[in-house]
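Here is what each chain is made of, one letter per residue.
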Amino acid sequence: MATDDTILISDSLAVREDGLAIGLKIPWYRSLWVSSVSDVVVKVGGAEVPKDGLRAEINGKSFTIPELGEQWDELWFLQDRLVIVVPQEQPPARGDEVDVEVTLSIRLPYMQIAPQVYVTNHATNHRVLVAG
Amino acid sequence: MTALGTPVQGVTLYSFTRDFHARKHSVEDLVREVAARGLGPGIEMVGFQSIQGFPVVADGYVDWFQGLIAETGLVPTCLSANADAGLRRDRMLTDDELVDYMAPQVEAAARLGFPVVRVQISLTPDDMQRLLPLAEKHDVRLGLEVHSHQHPKHPRIQALLERYEQLGSHHLGFVPDWGATLREVPATLMARYRRDGVDEDLLRQLVAAWHEQDAEGAPMTEEQHGRWFRQVMGLAHQHGSGDRGIEMAVNITGLFGHAKPEDWLELLPWAVHMHGKFYEIDASGDEPSVPVERIVGLLVDDGWSGSISSEWEGFHWNDWEDPFDVVARMQALMRRSAEDAGSRLVTDPDEARSVLAAHHRRS
């Protein structure tokens, strides 16, 4: 899309006790309702992580990926990060390099192109990140 | 003979999206920088960009913002609202819900001291009529943005104009966005594509397609716009850039409008504020894609004295220029253009307040 499609930045990756936390920038120029997130696909080390294991955290709350579509009164502020939590039995150590690819699809709720069809921005970023 | 217009210079913080998004600057940093560099006095914000938790705005935020405005001497011109008709996944908002959705945004604008609320094309003439009592109650003006691929002669805009004329309220109007009236594809976008390794032949064909569509004239139907969109997608696919086809089609057929600058004249009596959309300023100080000089000349000749926000949208692809510098150069071009037309742009805050009070018919 026309706008800055950067979702992964150098400090996106953090290690938790039970996995990875990947902080995403919103690939649009304004805050959007969390219901605008229509899909999240995560690959770690080239392998896709099963979607039902992922959680998404924002505004101090935690959702499954399908639940995001219902959150039409939860705002993703432009400067905030949507944190995708990837469960791992043996998370890497801080300072380790991890190959991460994320595809985030967002539906723009005011750019309609047909009944119930909105312009969707698919942002894919692939980076080797240092775990923080 | 109409007295010459003296439009008010200003800027929207949208021009600085890239740095704000990257957390390089806060809203306070941006407002102070705008004041320090003389890019006002007018200042516009996008509610859903600049204000955390929008459209809920705490009293403390209102106090803080008004303090910042008083200290910097800037003049709030417009708060940009969004009409998110597709908010829910399962269905469109009903007209009642959409009106309810706009209400807190309108109220927030009034509390923050903005005389104009920019609204969007999802709103129908009926919706605008239903919002009128709210605008009257808060004494703000609702300006529906006329943004490419819509344009002054587009049937949806004409339907709104007709309703405005029936209702005759100065609380309803338009915010013309100069991106509807381009004369050339921005060279900086082509430079960006070139840097990204896009095929040179495709670049030539994208520009040629835009000129072909320009010769056809601004689109009057969604079918026509759809045909253009598919044409650009097809070119991208033929040249091995299929993955960027949608982006190229959105840019070429969605952002770079084909209306003529004179088309704005019909809407000027209803123009509550303007988005001085621009993409680039070349070495000679001109804007090769948006005919800034021509548009400012028309406004001045027609006696229009509202606020213009310089709105730099080149940041979508241009990350090599400083947004504050680009805005300053565009404003120099606007000031020169007004002077060449025998008038000037208002840059003094006190004068801006009094000119805008008259424009908005506030005493």
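Residues numbered from 1 in each chain as written. Chains lettered and ligands numbered in written order. Predicted model: local features only at pLDDT ≥ 70, side-chain atom pairs only at ≥ 80, totals over all residues.

Caption draft 1: Structural context of the overall build of chain B. Tallying secondary structure elements over chain B gives 14 helices and 8 strands in all. Here the C-alpha atoms of chain B give a radius of gyration of 20 Å, agreeing with the 21 Å that 2.2 N^0.38 yields for 363 residues. A total of 363 residues make up chain B; the buried ones form 51% of that total. Nonlocal contacts in chain B, meaning residues at least 24 apart in sequence, comprise 82% of its contacts between residues at least 6 apart. (Helix = DSSP H or I, 4+ residues; strand = E, 2+ residues; numbered from the N terminus. Rg over C-alpha atoms; globule rule 2.2 N^0.38 Å. Buried ≥ 20, exposed ≤ 12 C-beta atoms within 10 Å, placed from the backbone. Contact = placed C-beta atoms within 7 Å.)

Caption draft 2: Highlighting the sheet that holds strand E4 (residues 116-119) of chain B. Residues and elements named next belong to chain B. Taken in spatial order, the 8 strands of this open sheet run E6-E5-E4-E3-E2-E1-E8-E7, and their pairing is parallel. Looking along the sheet, the strands with just one partner apiece sit at the ends: strand E6 (172-176) and strand E7 (274-278). Recorded for the sheet is a direction-independent mean angle of 30 degrees between the axes of neighbouring strands. For strand E3 (residues 75-80) and E4, the ladder comprises 3 bridges, and the chain directions are parallel. Within E4, the position partnered with cysteine 78 by the bridge is valine 116. (Pairing = 2+ DSSP bridges. Axes fitted to C-alpha atoms, helices over the stretch in contact; angles between N-to-C directions.)

Caption draft 3: Fine view of the interface of chain B and chain A. Of the residues lining the interface, 26 residues belong to chain B; the matching set on chain A comes to 22 residues. For the side of chain B that touches chain A, the elements supplying multiple residues, two or more each, are helix H1 (17-21), helix H3 (47-50) and helix H11 (245-255) of chain B. Per element, the largest residue contribution to the side of chain B that touches chain A is 4 residues, and it comes from H11 of chain B. Looking at the side of chain B that touches chain A, its residues break down into 9 nonpolar, 11 polar and 6 charged. (Nonpolar A, V, L, I, M, F, W, Y, C, P; charged D, E, K, R; others polar.)

Caption draft 4: Quick look at the environment of asparagine 318 of chain B. In this structure, asparagine 318 of chain B sits in the loop between strand E8 (307-312) and helix H13 (323-340). Every residue in contact with asparagine 318 of chain B, bar those within four places of it in the chain, is listed here: Thr188 and Arg192 of chain B.

Caption draft 5: Here's a closer look at the sheet that holds strand E6 (residues 55-58) of chain A. All names here are of chain A. A sheet is described by the order of its strands in space; here 5 strands give the open sequence E1-E2-E9-E6-E7, paired in antiparallel fashion. Each edge of the open sheet carries a strand with a single partner, namely strand E1 (13-16) and strand E7 (61-64). On average, adjacent strands in this sheet sit at an angle of 25 degrees to one another, irrespective of strand direction. Here E6 runs beside E7; their pairing, made up of 4 bridges, is antiparallel. Among the inter-strand pairings, arginine 55 is bridged to a residue of E7, identified as threonine 64.

Caption draft 6: View of helix H7 (residues 155-167) of chain B. Residue and element names in this part refer to chain B. Between its first and last C-alpha, H7 extends 18 Å over 13 residues, near the 18 Å set by a 1.5 Å rise per residue. Residues of H7 that are buried: Ile157, Leu160, Leu161 and Tyr164. The arc that holds every buried residue of H7, seen down its axis, measures 100 degrees, which confines them to one face. Facing away from the buried side of H7 by over 90 degrees, the exposed positions are Pro155, Glu162 and Gln166. Buried residues along H7 sit in contact with helix H6 (125-138), strand E5 (141-146) and E6. Phi for glycine 168, located one or two positions after H7, is positive at around 60 degrees. (Expected span 1.5 Å × (residues − 1). Arc of directions from axis to C-beta.)

Caption draft 7: Broad picture of the environment of alanine 283 of chain B. Tracing the backbone shows alanine 283 of chain B in the loop between E7 and helix H12 (292-301). A sequence separation of 17 residues divides alanine 283 of chain B from valine 300 of chain B, and the C-alpha atoms of the two residues are 25 Å apart.

Caption draft 8: Geometry of the domain arrangement of chain B. Residue and element names in this part refer to chain B. Each domain of chain B was delimited in the assignment, giving domain 1 (8-183 + 257-359) and domain 2 (194-253). Inter-centroid distance (C-alpha atoms) of domain 1 to domain 2 is 28 Å. Listed per partner, the contact involves 8 residues of domain 1 and 8 residues of domain 2. Residues that form the side of domain 1 that touches domain 2 fall into these classes: 2 nonpolar, 5 polar and 1 charged. (Domains from an automatic or database assignment.)

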